[in-house]
Amino acid sequence: MAKLPSHIDIHLVRILYMLLSEKNVSRVAMKLNQPQPSISASLRKLRELTGDPLLVRGARGMIPTQHGESLMRPAKRILDEMERLFIHQKPFIAQEEARTFNIAAPDYLDTQFLPNIVARVRRESPKSRIVIHGLGRDVDFVRLLSDGDLDLVIANWEEPPSHLHLSKLFQEPIACSMRADCAYAKRTAPDQMTIEDYLSLPHVAPSQMLPGYHGVIEAFLERQNMRRNVVVESAYFGQMPYMLLQSDLVLTTGRQFLRFYEKSLPLKTFTVPIKFPAMRFYQLWHERVHQATEHKWLRDLIGKTVKELIEK
């Protein structure tokens, strides 16, 4: 048998299968719209590669040899697999299919954001599951995205990893809040807080989420050569509004987040006297799922949910 080349043209495999099926060089040439001498040359090359005649004369024309017949199934399998390699992905039929979507997000998001996403997934893809993961300094979200353990990360870091795909979601202005009946809140109007007051008041702030990064508030203050008086750090952002109720603490975060708690808690919100940039949230995902139809569906769903919240 001749030595196999380092690669074999898939077209040659197709000709092999068609010759063994049609048992006629002329018919194969016609079906492939190629000249007969070209198909005859391919047959000679196939005979050389396999060390077998493949097709021989029989009583009623050409017939496959025993070895030729044994090659039909593997040739067909190769052609089928090649077709599957390059076929376009089927669209994700949300109402019919079941997927598990893993999303990581901080707990200082707008309180309506994740519940609305969950509700929409339940409506549009009722057979699917959604798993929401926390984000902390011990969570290697880059590796989890790369390995497929996470589908999306919702975040607002100033400099997300450049190799990840990013889609902007929403932004919200920054404000600060404290207990409405504390001494400072009683004597100061919501728009009368000074820079000196803001920096000296006792603050509660989120714990460091990423190594070397304390968040957009601290990062901005550091660039302005300012430092606020953080006396409490907590990994549980959702508990911070309640920490204000029995203390003199100040919480700085997105205005929409604070507005939700103002409805049920005796808090007073102030205009921050420092011109912080708005908190900008986005979704991040890895290249490995960039073209996946179910992932595109999820990203679009999140984008639509955000748009509806903003328009309310």
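Calculation notes
- Residues numbered from 1 in each chain as written.
- Predicted model: local features only at pLDDT ≥ 70, side-chain atom pairs only at ≥ 80, totals over all residues.
- Heavy atoms only, no water.
- Core = buried A, V, L, I, M, F, W, Y, C linked by side-chain atoms within 4.5 Å.
- Buried < 20%, exposed > 50% of the residue type's maximum accessible area, 1.4 Å probe, protein only.
- Helix = DSSP H or I, 4+ residues; strand = E, 2+ residues; numbered from the N terminus.
- Pairing = 2+ DSSP bridges.
- Axes fitted to C-alpha atoms, helices over the stretch in contact; angles between N-to-C directions.
- Salt bridge = Lys/Arg side-chain N within 4 Å of Asp/Glu carboxyl O.
- Phe/Tyr/Trp six-rings, centres within 6.5 Å; stacked < 30°, edge-to-face > 60°.
- Contact = heavy atoms within 4.5 Å.
- Parallel < 35°, antiparallel > 145°, perpendicular 65-115°, else oblique.
- Nonpolar A, V, L, I, M, F, W, Y, C, P; charged D, E, K, R; others polar.
- pLDDT = per-residue confidence, 0-100.
- Left-handed = near helix turned anticlockwise from the far one by under 90°.
- Polar contact = N/O pair within 3.5 Å; in protein donor to acceptor, adjacent residues only side chain to side chain.

Draft legend 1. Region of the structure containing the nonpolar core. Counting 56 residues, the largest nonpolar core has Phe-113, Met-178, Tyr-198, Phe-276 and Ile-302 as its most contacted members. Considering each element in turn, this core owes the most residues, six residues, to helix α12 (residues 293–311). Listed in part, the 19 residues of the second largest apolar core include Leu-19, Val-28, Leu-54 and Leu-79.

Draft legend 2. View of the sheet that holds strand β10 (residues 250–254). The strand order across the open sheet formed by five strands is β9-β8-β10-β7-β11, and the pairing between neighbours is mixed. Edge strands, defined here as strands with exactly one partner in the open sheet, are β9 (229–234) and β11 (267–271). Between one strand and the next, the sheet's axes are offset by a mean angle of 35°, whatever the strand orientation. Where strand β8 (residues 202–206) lies against β10, two bridges are found, and the strand directions are parallel. Looking across to β10, one finds that Val-204 is bridged to Leu-251.

Draft legend 3. Examining the pairing of strand β3 (residues 100–104) more closely. Burial analysis of β3 places four of its five residues in the buried class, the great majority of the element. Where β3 meets strand β4 (residues 129–133), five bridges bridge the pair, whose relative direction is parallel. Bridge pairing in β4 links Ile-103 to Ile-132. Where β3 and strand β5 (residues 152–155) come together, two bridges link them in parallel fashion. From the neighbouring strand, Ile-103 faces β5, where its bridge partner is Leu-152.

Draft legend 4. Structural context of the pattern of salt bridges. On inspection of all chains with the given rule, the structure shows twelve salt bridges. Two residues, Glu-308 and Arg-120, come together in a salt bridge whose shortest N-O distance is 2.9 Å. Here Arg-120 lies in helix α5 (residues 113–124) and Glu-308 lies in helix α12, a separation of 188 residues in the sequence. Connected via shared salt-bridge partners are Glu-22, Arg-27 and Lys-31.

Draft legend 5. Layout of the packing of aromatic side chains. The tally for this structure, following the rule as stated, stands at 13 aromatic pairs. With centroids separated by 5.1 Å and ring planes inclined at 45°, the aromatic side chains of Phe-257 and Tyr-261 adopt a geometry described as tilted. Taken together, the residues Phe-257 and Tyr-261, both in helix α11 (residues 255–262) and four residues apart, mark about one turn of the helix. Side by side, Phe-257 and Tyr-261 carry an identical accessibility label, which is buried. By way of ring pairs, the aromatic residues Phe-237, Tyr-242, Phe-257, Phe-260 and Tyr-261 are connected into one cluster.

Draft legend 6. How the structure looks around the sheet that holds β5. Sheet architecture is open: five strands sit in the order β4-β3-β5-β12-β6, paired in mixed fashion. Either end of the sheet is taken by a strand with one partner, and the two such strands are β4 and β6 (165–172). For this sheet the average axis-to-axis angle between neighbouring strands, irrespective of direction, equals 20°. Sheet strands touched by α12: β3, β5, β6 and β12 (279–285). Its angle to β6, the strand with the most contacts, is close to 15°.

Draft legend 7. Focus on the packing of helix α1 (residues 10–22) against helix α3 (residues 36–50). Axis separation between α1 and α3 bottoms out at 10 Å; the angle between their running directions is 95°. Relative to α3, the element α1 is oriented roughly perpendicular. For the pair formed by α1 and α3, the contact residues are Leu-12, Ile-15, Leu-16 and Leu-19 on the first element and Ile-39, Ser-42, Leu-43, Lys-45, Leu-46 and Leu-49 on the second. Residues of the contact of α1 with α3, tallied by class, amount to eight nonpolar, one polar and one charged.

Draft legend 8. Structural view of the environment of Leu-20. Within the secondary structure layout, Leu-20 lies in helix α1. Leaving out residues up to four positions away in the same chain, Leu-20 has contacts with Leu-54, Leu-55, Pro-64, Gly-68, Leu-71 and Met-72.

Draft legend 9. Region of interest: the confidence of the model for the protein. Residues at a pLDDT of 70 or more form 94% of the protein, whose mean pLDDT is 88. When the elements of the protein are averaged for pLDDT, helix α4 (residues 66–86) gives the smallest value, 85, and helix α8 (residues 195–200) the largest, 97.

Draft legend 10. The arrangement of the environment of Ala-94 in detail. Mapped onto the elements, Ala-94 comes out in the loop between α4 and β3. For the pair Ala-94 and Arg-47, spaced 47 residues apart in sequence, the C-alpha to C-alpha distance is 50 Å. Not counting chain neighbours up to four residues away, the residues in contact with Ala-94 comprise Glu-124, Ser-125, Pro-126 and Trp-297.

Draft legend 11. Spotlight on the packing of α5 against α12. Two numbers describe how α5 lies on α12: the axes approach to 10 Å, and their chain directions differ by 125°. Comparing the axis directions of α5 and α12 gives the class oblique. The handedness of the crossing between α5 and α12 comes out as right-handed. Where α5 approaches α12, its residues Phe-113, Asn-116, Ile-117, Arg-120, Val-121 and Glu-124 are matched on the opposing element by Trp-297, Leu-301, Ile-302, Lys-304, Thr-305, Val-306, Glu-308 and Leu-309.

Draft legend 12. The arrangement of the side chain of His-203 in detail. Secondary-structure assignment places His-203 in strand β8. We classify His-203 as buried; its relative accessible area is 0%. Within the local environment of His-203, its side chain forms a polar contact with the side chain of Arg-228, the two groups lying 3.5 Å apart. Setting aside residues no more than four positions away along its own chain, His-203 makes contact with Tyr-198, Arg-228, Asn-229, Val-230, Val-231, Val-232, Leu-249, Val-250 and Thr-252.

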